[in-house]
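Chain and residue survey
This is what each chain is made of:
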Amino acid sequence: MISVCTLVRGREGHLAQLLAGIARQTRAPDEIVIAYMQDAAPSGLPDPGVRLREIFVPGDPMPLARARNAAAAAAQGDTLIFLDVDCIPSPTLVERYAAVLADAPGVCLGEVRYLPPGPVDPATLPHIGERHPAKPALADDEVRPVPSHGELWGLSFALPRLAWDAAGGMDEGYVGYGGEETDFAWRLHAAGVPMAWVGGAVAWHQHHAVHVPPLHQFDPILRNAARFRERWGRWCMDYWLGQFAAAGLIRWTADATAIERLRDPTPAEIAASRRGDALFS
């Protein structure tokens, strides 16, 4: 049994496209579980053509780790596919993940291609999505071992429930944005769960504005980075911490054992960091 899980706060239009993509699958999942990080579900969503489970995990800052754990707990499948709400699954995504996991249980990372701003036409998606420059280009039939579990990203991944349980799910001590996925990756590594890139399981990432750097998530990034460093003896989100340091917000280097907070970003700095033209996020 295969369960697709997604997390939602806002993004009603993006969720509608995800559900429409589920309805186009060559192998339908058995269910989709939506963990709403808000008090209510929107109305008028398209029928995904499969059983729909809705759970509610509200809270501020966004309870990303808790919502993923709740989705996994509500799911009935022995295979879990996690899709970000911004992602539209290609028609073969579920079928391809299922086939690879049947041969080699572990964590599968599907390819995500990024869409430009504008209306979404399903017929054009294979022609306009762009590969992330930092991710490998994969043939549709390729399975490539991942050199480091740190490559895990939450946009699209699949794994057996046994692997999820072996890692203990996600640490709900990570509250708000950042760190919980990387922590989960190292928990998988510690549990001996293999990981591989999987071609043919493509998802298309719908465009949205981003903050560069993510100053709107300044507090949770600092808090969660420190939690990760305390547990694993290394930093995550190094790139963002470096950007914060360059902006004079923190004193930090890659070999530091702690972050020294110098000042908070101003509202003007946060507003200026918002980029509606950035393709990759």
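Above this text sits the structure in question.
Residues numbered from 1 in each chain as written. Predicted model: local features only at pLDDT ≥ 70, side-chain atom pairs only at ≥ 80, totals over all residues. Heavy atoms only, no water.

In the segment running from aspartate 60 into proline 61, the intervening peptide bond is cis, with an omega of -5 degrees. Among the secondary structure elements, proline 61 is positioned in the loop between strand E3 (51–56) and helix H2 (64–74). For the bond running from valine 212 to proline 213, omega is -5 degrees, close enough to zero to count as cis. Relative to the elements of secondary structure, proline 213 occurs in the loop between strand E11 (210–211) and helix H7 (218–232). Residue arginine 11 is not a glycine yet carries a positive backbone phi of 50 degrees. If you trace the backbone, arginine 11 turns up in the loop between strand E1 (2–8) and helix H1 (12–23). With relative accessibility at 35%, the residue arginine 11 sits in the partly exposed group. One non-glycine residue with positive phi stands out, namely methionine 237, at about 55 degrees. As for its placement among the helices and strands, methionine 237 is situated in the loop between H7 and helix H8 (238–246). (Helix = DSSP H or I, 4+ residues; strand = E, 2+ residues; numbered from the N terminus. Buried < 20%, exposed > 50% of the residue type's maximum accessible area, 1.4 Å probe, protein only.)

Turning our attention to the nonpolar core. If you look at the biggest cluster of nonpolar residues, it comprises 63 residues, and the most contacted ones within it are Ile81, Val107, Phe157, Leu159 and Phe184. If we ignore the near neighbours within four places in the chain, the residues touching isoleucine 81 are Ile2, Ser3, Val4, Cys5, Leu93, Val94, Tyr97, Phe157 and Ala158. Core analysis: the second largest hydrophobic core is formed by 17 residues, Leu215, Phe218, Leu222 and Trp252 among them. (Core = buried A, V, L, I, M, F, W, Y, C linked by side-chain atoms within 4.5 Å. Contact = heavy atoms within 4.5 Å.)

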